[in-house]
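Residues per chain are reported as follows:
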Amino acid sequence: WGPPIQLLTRALERQYCPAIPEAAIMCNARHGFSALELVVVLALVGILAAIALPGWSRLLPSYQLDGSVRQVQSELHGIKMRAVSVNTAFQLAYLADSSQYMIRSDGKVLATKPLPEGIVITKAGSISFSPRGTADANRVRLRGSTGLCKQVVVSATGRVRTCRPTDCSGDC
């Protein structure tokens, strides 16, 4: 192997390597980790990952459903504002057992937006916003791949909120 390479100048060596015999840092000691130390650390990381991964995979469908609910809620807020700003009625239409919804205005489909994989709309319907910002009261019912359900509810005044029913067939 040969002699260790001196990386520290004399000034830095005095600064970082005190001349105290009991010091924890020894400047002549080798630097780095041994293969055994790396294997032990990798084994511990693997064990921790094996413990955490099943719990994380159970949370993922719930996060997808929450994200889908926020997507629909945001879309409803957006078309409400567009209806008021351009003084034209807008509609969000959706079909049962579908994973997409449509945005319409004046009978024309302006956009079709998909939901994430595994998320379906459980009941067909539509929500219309008038140029005054009021709405046809209705709700969008979403079900995730694990069977968990959430709803985006729109009141007649145009208020948009989310809720979680006790079962997928009921309202909240």
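Structure report, in brief. (Residues numbered from 1 in each chain as written. Predicted model: local features only at pLDDT ≥ 70, side-chain atom pairs only at ≥ 80, totals over all residues. Heavy atoms only, no water.)

## Quick word on the pattern of salt bridges
And step 1. The tally for this structure, following the rule as stated, stands at four salt bridges.
And step 2. A salt bridge links D171 to R139; the shortest N-O distance between them is 3.8 Å. One end of the pair, D171, is in the segment after β8 (160–163); the other, R139, is in strand β6 (residues 138–143), and 32 residues separate them in sequence.
And step 3. On the accessibility criterion, R139 (14% relative accessible area) is buried. (Salt bridge = Lys/Arg side-chain N within 4 Å of Asp/Glu carboxyl O. Helix = DSSP H or I, 4+ residues; strand = E, 2+ residues; numbered from the N terminus. Buried < 20%, exposed > 50% of the residue type's maximum accessible area, 1.4 Å probe, protein only.)

## So, the pairing of strand β3 (residues 108–114)
And step 1. Note: strand β2 (residues 100–105) against β3, six bridges, orientation antiparallel. Along β3, the bridge assignment pairs R104 with V109.
And step 2. A loop of two residues connects β2 with β3, the two strands running antiparallel in sequence, and D106 in this loop sits at a positive phi of about 55°. (Pairing = 2+ DSSP bridges.)

## As for the sheet that holds strand β4 (residues 120–121)
And step 1. Taken in spatial order, the four strands line up as β4-β6-β7-β8 in an open sheet, and their pairing is antiparallel. The open sheet has two edge strands with one neighbour each: β4 and β8.
And step 2. Summarising the sheet, strand β7 (residues 149–154) and β8 pair through four bridges and their orientation is antiparallel. Of the residues in β8, the one forming a bridge with V153 is R161.
And step 3. Against the sheet, helix α2 (residues 35–86) touches β6, β7 and β8, its axis set at about 10° to β7. (Contact = heavy atoms within 4.5 Å. Axes fitted to C-alpha atoms, helices over the stretch in contact; angles between N-to-C directions.)

## Let's talk about unusual backbone geometry
And step 1. Of note, the phi angle at N87 is positive, near 60°, even though the residue is not glycine.
And step 2. Relative to the assigned elements, N87 resides in the loop between α2 and β1 (90–94).
And step 3. A relative accessible area of 59% places N87 in the exposed class.
And step 4. With a phi angle near 55°, D97 is a residue other than glycine that sits in the positive phi range.
And step 5. Take D97: it is sitting in the loop between β1 and β2.
And step 6. For D97, a relative accessible area of 59% gives the class exposed.

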